[in-house]
Amino acid sequence: MIKQYWESKSAKDRNYLIALGIFLIICLFYFIIWLPLHNTKNDLLSQINDQKELIQWMQEKAPLLSQKSSNNAIEKPKEIFSIIEKSFKSQENLFPKLVISRNAENRVTVTFNNVPFDAFIKQLILLKNKYQIDIEEAQITKLEQAGFVEGRVVLESH
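Residues numbered from 1 in each chain as written. Predicted model: local features only at pLDDT ≥ 70, side-chain atom pairs only at ≥ 80, totals over all residues. Heavy atoms only, no water.

Would you mind showing me how to read the nonpolar core here?
Taken as a class, soluble globular proteins show a tendency for nonpolar side chains to be buried jointly. Within the largest apolar cluster, 20 residues are counted, with the highest numbers of intra-cluster contacts made by Ile-84, Phe-88, Val-110 and Phe-120. No other element matches the five residues that helix H3 (residues 79-89) contributes to this core. In contact with Phe-88, other than residues within four places in its own chain, are Phe-95, Leu-98, Ile-100, Val-110, Phe-120, Gln-123, Leu-124 and Leu-127. (Core = buried A, V, L, I, M, F, W, Y, C linked by side-chain atoms within 4.5 Å. Buried < 20%, exposed > 50% of the residue type's maximum accessible area, 1.4 Å probe, protein only. Helix = DSSP H or I, 4+ residues; strand = E, 2+ residues; numbered from the N terminus. Contact = heavy atoms within 4.5 Å.)

Any chance you could explain the side chain of Ser-87 here in plain terms?
Residue position: Ser-87 is located in helix H3. When its relative accessible area of 10% is taken as the criterion, Ser-87 is described as buried. In this structure Ser-87 touches Gln-123, Leu-126 and Leu-127, once residues within four positions along its chain are discounted.

Sorry, what's going on with the environment of Ser-8 here?
Here Ser-8 shows up in helix H1 (residues 2-8). A distance of 2.7 Å separates a polar atom in the side chain of Ser-8 from the backbone oxygen of Tyr-5. (Polar contact = N/O pair within 3.5 Å; in protein donor to acceptor, adjacent residues only side chain to side chain.)

What is the right way to look at the sheet that holds strand E2 (residues 107-116) in this model?
In a beta sheet, neighbouring strands pair by backbone hydrogen bonds and run either parallel or antiparallel. Spatially, E1-E2-E4-E3 is the arrangement adopted by the four strands of the open sheet, whose pairing is antiparallel. Only two strands of the sheet have a single neighbouring strand rather than two, namely strand E1 (98-104) and strand E3 (133-142). When the angles between neighbouring strand axes are averaged without regard to direction, this sheet yields 15 degrees. Sheet topology places E3 next to strand E4 (residues 148-157); nine bridges connect them, and they run antiparallel. The residue of E4 that forms the bridge with Asp-134 is Glu-156. Contacting E1, E2, E3 and E4, H3 runs over the sheet at an angle of about 170 degrees to E1. The strands touched by helix H4 (residues 117-131) within the sheet are E1, E2, E3 and E4, with E2 carrying the most contacts at an inclination of about 155 degrees. (Pairing = 2+ DSSP bridges. Axes fitted to C-alpha atoms, helices over the stretch in contact; angles between N-to-C directions.)

What am I meant to see in the pattern of salt bridges here?
One pass over the full model with this rule turns up four salt bridges. A salt bridge links Arg-107 to Glu-136, with the nearest nitrogen and oxygen atoms 3.5 Å apart. Here Arg-107 is found in strand E2, whereas its partner Glu-136 is found in strand E3, with 29 residues between them in sequence. Taking the shortest distance from any N to any O, the salt bridge between Glu-156 and Arg-107 comes out at 3.2 Å. Of this pair, Glu-156 sits in strand E4 while Arg-107 sits in strand E2, and the two are 49 residues apart along the sequence. By relative accessible area, which is 10% here, Glu-156 ends up buried. A residue is classified by how much of its surface remains accessible, and Arg-107, at 30% relative accessible area, is partly exposed. Each of the salt bridges in this network shares a partner with another, and the network as a whole consists of Arg-107, Glu-136 and Glu-156. (Salt bridge = Lys/Arg side-chain N within 4 Å of Asp/Glu carboxyl O.)

Just to check I follow, could you spell out the side chain of Thr-109 for this structure?
Within the secondary structure, Thr-109 is located in strand E2. A polar side-chain atom of Thr-109 sits 2.7 Å from a polar atom in the side chain of Asn-103. Non-local contacts of Thr-109, meaning those with residues more than four positions away in its chain, are made with Val-99, Ile-100, Ser-101, Asn-103, Arg-152, Val-153 and Val-154.

Okay, structure coming up:
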């Protein structure tokens, strides 16, 4: 059927149909393959440039950050107990049932009951960021009262 249709057309019409077919193939290739790939490439190059700028900024700021963190680091391991005690006792209304005990020169155990989870985590993050005190071990249990926990955390300074 297609063969009969093709043979019934004149040479001039066949050439037009061939040219139209080639034009459609080129358009489909451009819009379906080349254009999406080109846009993806440009997006990736833009992301790479953004990342390069971020890396450059971070490299410029790194010396300042290392100076700040070394200034706040604990000078003596014995200070960890007093720092943790002051940190939690300053918010005694949030942490009323808290027991702090020294394990070693650079380790402290904090046992707690019925404390708000969010406030406790914020306090641990503050100790980490300001004094480089890490969580060595943690045992936390969720209580029936929403948002409150009990447990034990071992903190250590390096």
